[in-house]
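Descriptive structure summary
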Amino acid sequence: DTLRWRQGLPPLFVLSLLLGLLAGAFLPVALWLPAGEIALYVLVLFSVSTLSSIREKKWGLLPGLPLAISVMHTSWGAGFLWSMIRADGRKTNQPSK
């Protein structure tokens, strides 16, 4: 109930990559879709990281920031999808009886 639209983007990103790779297994030309998506994602990550480094006047952010953001996005997205697959009606933060 508390999920915001921006929190739904990482799961959609991971799902689209998985579906693109699956489609590519049957139709190799379909691999261009996830490749293009990754290229655009990397371009946006490096652009945002460069702007953040300039704004904060900390050039040391530039190498690690894109990596950290991409790890957070893919981890969040994969974890969210996994929790949807594994949902069995129980609350995950409560011990099972």
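Residues numbered from 1 in each chain as written. Predicted model: local features only at pLDDT ≥ 70, side-chain atom pairs only at ≥ 80, totals over all residues. Heavy atoms only, no water.

**Concerning the overall build of the protein**
Within the protein, the secondary structure is distributed over three helices and zero strands. In the protein, the succession of α and β elements from N to C terminus is α-α-α. Scored against the burial criterion, the 97 residues of the protein give a buried share of 21%. Here the contacts in the protein between residues at least 6 apart in sequence split such that 50% fall between residues at least 24 apart. Surface accessibility of the protein: about 7,800 Å² in total, with carbon and sulfur atoms responsible for 71%. (Helix = DSSP H or I, 4+ residues; strand = E, 2+ residues; numbered from the N terminus. Buried < 20%, exposed > 50% of the residue type's maximum accessible area, 1.4 Å probe, protein only. Contact = heavy atoms within 4.5 Å. Areas by Shrake-Rupley, 256 points an atom, 1.4 Å probe, with all protein chains shown as cover.)

**Overview of helix α1 (residues 5-26)**
Along its 22 residues, α1 runs 32 Å from first to last C-alpha, staying within 8% of the 32 Å computed at 1.5 Å per residue. Here α1 has its buried residues at G8, P10, P11, F13, V14, L17, G20 and G24. Taken together, the buried residues of α1 touch α2 (32-56) and α3 (61-86). (Expected span 1.5 Å × (residues − 1).)

**Looking at unusual backbone geometry**
Negative phi values dominate among residues other than glycine, just as trans dominates among peptide bonds. One non-glycine residue with positive phi stands out, namely K57, at about 55°. Residue position: K57 is located in the loop between α2 and α3.

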